[in-house]
Amino acid sequence: MGKFAEKACIITGGASGIGEATSVLFAREGCSVIIADIDMENGKRVSDSIAHKGGVSRFIKHDVTSEDSWRALIAEVEKEYGRLDVLVNNAGIGFAGTITEMSYAEWQTVMRINLDSVFLGLKYSLEMMRKAGRGGAIINVSSVAGIVAAPGAAAYCASKAGIRLLTKSAALESAAAGDGIRINSVHPAAVDTPIWKKSNWWNEFSRAHGGDEKAMEIMAKNSPLKRMAKPEEIAAGILYLAADESGYVTGAELVIDGGFSIQ
Ligand code: NAD
């Protein structure tokens with residue numbers, strides 16, 4: 001039995017990348033993992049592979065931008081598991097474009113998927129966790145882009161910076177309520193996941209640098225450690241913030257960036 005025996009957790013965006021690595025790690029620690037994602041094919045793939053290795057996991061189709069979807073997800077988890085101990089607000093998208101280039105609709109899409117989703121996740125999971133009275137942990141996946149700015153990334157940076165202070169405000173609200181729920185954020189720099197190739201700027205960047213492999217090498221060279229992070233290295237930080245060992249940690253920002261933000 002691992003750290004999370006008897007616990008239930010929701011991981012948004014659990015079908016890929018950091019969310020997938022976190023789902024696998026939490027399941028290995030004995031947690032019942034609910035993978036909540038819009039990507040049904042990969043969500044089921046991750047959930048089946050966890051079950052195949054003896055873990056407990058279930059995929060639930062979920063759109064983090066929809067309040068109805070959050071209500072339905074929480075109701076389903078309450079019905080099936082009767083508890084929610086951990087929420088990882090991880091789903092997100094990459095986006096690049098200067099303020100004058102991007103449309104208002106694009107700005108709103110980034111905000112809805114990356115930031116509004118975290119508000120909704122906090123709102124509905126806090127309600128359920130408080131009702132149960134067992135405390136809990138919520139981890140919001142932000143980015144170093146929520147701490148240091150980058151030209152051409154205003155929407156992404158603003159969404160991730162929003163998560164940073166939303167997390168701290170929520171942490172203080174929970175502390176004041178005495179509900180035993182800790183809320184923290186995680187700030188990775190470049191992680192080797194599918195997010196890059198799905199981003200709106202990737203094709204042009206890749207072409208300009210002689211293909212995907214070379215473009216990924218450039219990303220790696222930007223890091224003081226000269227490599228991208230592995231998703232498992234971010235999952236390990238999320239696990240720490242979800243576990244009892246971090247019982248005195250709330251409102252903190254865990255920077256896992258290979259030194260990127262201190263250059
Ligand atoms: P990824 O593309 O591999 O995974 C993101 C997952 O989110 C996908 O499974 C996708 O289907 C899901 N998703 C997207 N929109 C959704 C929606 N509306 N509802 C439900 N699920 C949705 O990306 P990743 O790199 O694993 O990123 C995970 C998080 O980490 C994101 O919030 C991202 O901004 C953040 N992050 C990533 C990096 C990086 O370099 N990869 C760096 C810093 C922060």
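For every chain, the first residue of the written sequence is number 1, and numbering continues from 1 along that sequence. This being a predicted model, a pLDDT of at least 70 is required before a residue's local features are given, and a value of 80 or more before pairs of side-chain atoms are given or counted; all residues contribute to the totals for chains, interfaces and linings. Processing note: side-chain calculations cover all non-hydrogen atoms of the structure and skip hydrogens and water entirely.

(A) Highlighting the overall build of the protein chain. Note on conventions: DSSP H or I runs of at least 4 residues are helices, E runs of at least 2 residues are strands, and numbering of each starts at the N terminus. In terms of regular secondary structure, the protein chain is built from nine helices and seven strands. Taking the principal axes of the C-alpha coordinates as reference, the protein chain spans close to 50 × 40 × 35 Å. Relative accessible area decides the class of each residue, using a 1.4 Å probe on protein chains only: under 20% of the type maximum gives buried, over 50% gives exposed, and in between gives partly exposed. Scored against the burial criterion, the 263 residues of the protein chain give a buried share of 49%. Note on definitions: a residue-residue contact is assigned when non-hydrogen atoms from the two residues lie within 4.5 Å. Of the contacts formed within the protein chain by residues at least 6 apart in sequence, a portion of 71% connects residues at least 24 apart. Every accessible area reported is derived by Shrake-Rupley at a probe size of 1.4 Å, with residue values counting cover from the shown protein chains alone. With an accessible surface of roughly 12500 Å², the protein chain has 55% of that area assigned to carbon and sulfur atoms.

(B) Highlighting the site of the ligand. We define proximity as follows: a residue is near a molecule or strand when any one of its heavy atoms falls within 4 Å of that partner. Lining the immediate environment of the ligand, one finds 29 residues, of which Ser16, Tyr156, Val191, Thr193 and Lys198 sit closest. Between the ligand and the protein, one listed contact pairs an oxygen atom with a backbone N or O atom of Val191 at 2.7 Å. The protein chains hide 95% of the 830 Å² of surface that the ligand would expose on its own. For the shell around the ligand, the leading source of residues is helix 6 (residues 195-198), giving three residues. Of the residues contributing to the shell around the ligand, the split by class is 15 nonpolar, nine polar and five charged. The domain boundaries here were taken from an automatic or database domain assignment. The two domains that each donate at least three residues to the shell around the ligand are domain 1 (8-190 + 229-254) and domain 2 (192-228). In the analysis that follows, any N or O atom pair within 3.5 Å is treated as a polar contact, provided that within protein one partner can donate a hydrogen and the other can accept it, and provided that, for residues neighboring in sequence, both atoms belong to side chains. Gly falls in the polar group here, along with every residue not listed as nonpolar (Ala, Val, Leu, Ile, Met, Phe, Trp, Tyr, Cys, Pro) or charged (Asp, Glu, Lys, Arg).

(C) Region of interest: the domain arrangement of the protein chain. In terms of domains, the protein chain is made up of domain 1 (8-190 + 229-254) and domain 2 (192-228). Computed from C-alpha coordinates alone, the two centres of domain 1 and domain 2 are separated by 24 Å. Listed by partner, the interface residues are 13 residues for domain 1 and 12 residues for domain 2. Both faces considered, domain 1 and domain 2 share a buried interface measuring about 870 Å² in area, 56% of it formed by carbon and sulfur atoms. The salt bridge criterion pairs a side-chain nitrogen of Lys or Arg with a carboxyl oxygen of Asp or Glu, the two atoms within 4 Å. Linking domain 1 to domain 2 there are one salt bridge. Among the ionic pairs, Arg227 bridges to Glu233, the shortest N-O distance being 2.8 Å. Connecting domain 1 to domain 2 are three residue pairs in polar contact (both at pLDDT 80 or more). What gets called buried area is simply the loss in accessible area from a 1.4 Å probe that two parts show on being joined, summed for both.

(D) Region of the structure containing the sheet that holds strand 6 (residues 181-188). Taken together, seven strands build an open sheet; the order of strands is 3-2-1-4-5-6-7 and the sheet is parallel. Edge strands, defined here as strands with exactly one partner in the open sheet, are strand 3 (56-61) and strand 7 (253-256). Each neighbouring strand pair of the sheet contributes to a mean axis angle of 20°, computed without reference to strand direction. Two strands are counted as paired when DSSP detects at least two bridges linking them. Pairing of strand 6 with strand 7, which is carried by four bridges, proceeds in the parallel orientation. Counterpart to Pro188 in the pairing with strand 7 is Ile256. Contacts from helix 1 (residues 17-28) reach strand 1 (8-12), strand 2 (32-37), strand 4 (86-89) and strand 6 within the one sheet, and its direction differs from that of strand 1 by about 165°. Along the sheet, helix 4 (residues 104-132) contacts strand 4, strand 5 (136-141) and strand 6; its crossing angle with strand 4, the most-contacted strand, is approximately 175°. Interaxial angles span 0 to 180 degrees and are taken between N-to-C directions of axes, which are lines fitted to C-alpha atoms, for helices over the stretch in contact.

(E) Molecular detail of unusual backbone geometry. Of note, the phi angle at Glu6 is positive, near 75°, even though the residue is not glycine. By secondary structure assignment, the location of Glu6 is in the segment before strand 1. By relative accessible area, which is 62% here, Glu6 ends up exposed.

(F) Geometry of the packing of aromatic side chains. Each Phe, Tyr or Trp ring (for Trp, its six-membered ring) is paired with any other whose centre lies within 6.5 Å, and the angle between the two planes then decides the class: stacked below 30 degrees, edge-to-face above 60, tilted in between. Taken as a whole and assessed by the stated rule, the structure comprises five aromatic pairs. Both rings, one in Trp196 and one in Trp201, keep their centres 5.7 Å apart while their planes meet at 85°; by these two values the pair is edge-to-face. Residue Trp196 is classed as buried on the basis of its relative accessible area, which comes to 17%. Judged by centre distance (5.2 Å) and plane angle (75°), the rings of Trp201 and Phe205 are edge-to-face. Assessed through its relative accessible area of 22%, Trp201 is described here as partly exposed. Three or more aromatic residues link up through ring pairs in this structure, and these residues are Trp196, Trp201, Trp202 and Phe205. For a ring to carry a charge above it, either NZ of a lysine or CZ of an arginine must fall within 6 Å of the ring centroid while also lying within 35 degrees of the normal to the ring plane. When the ring centre of Tyr124 is taken as reference, the NZ or CZ atom of Lys123 above it lies at 5.8 Å.

(G) Spatial organisation of the pattern of salt bridges. Using the criterion set out here, one finds 14 salt bridges in the structure. A salt bridge links Glu76 to Arg58; the shortest N-O distance between them is 2.9 Å. Here Glu76, found in helix 3 (residues 67-81), pairs with Arg58, found in strand 3; they are 18 residues apart in sequence, far enough to count as distant. The salt bridge involving Arg83 is made with Asp85; its shortest N-O contact spans 2.9 Å. Among the charged side chains, a network of salt bridges with common partners joins Arg58, Glu76, Lys79 and Glu80.

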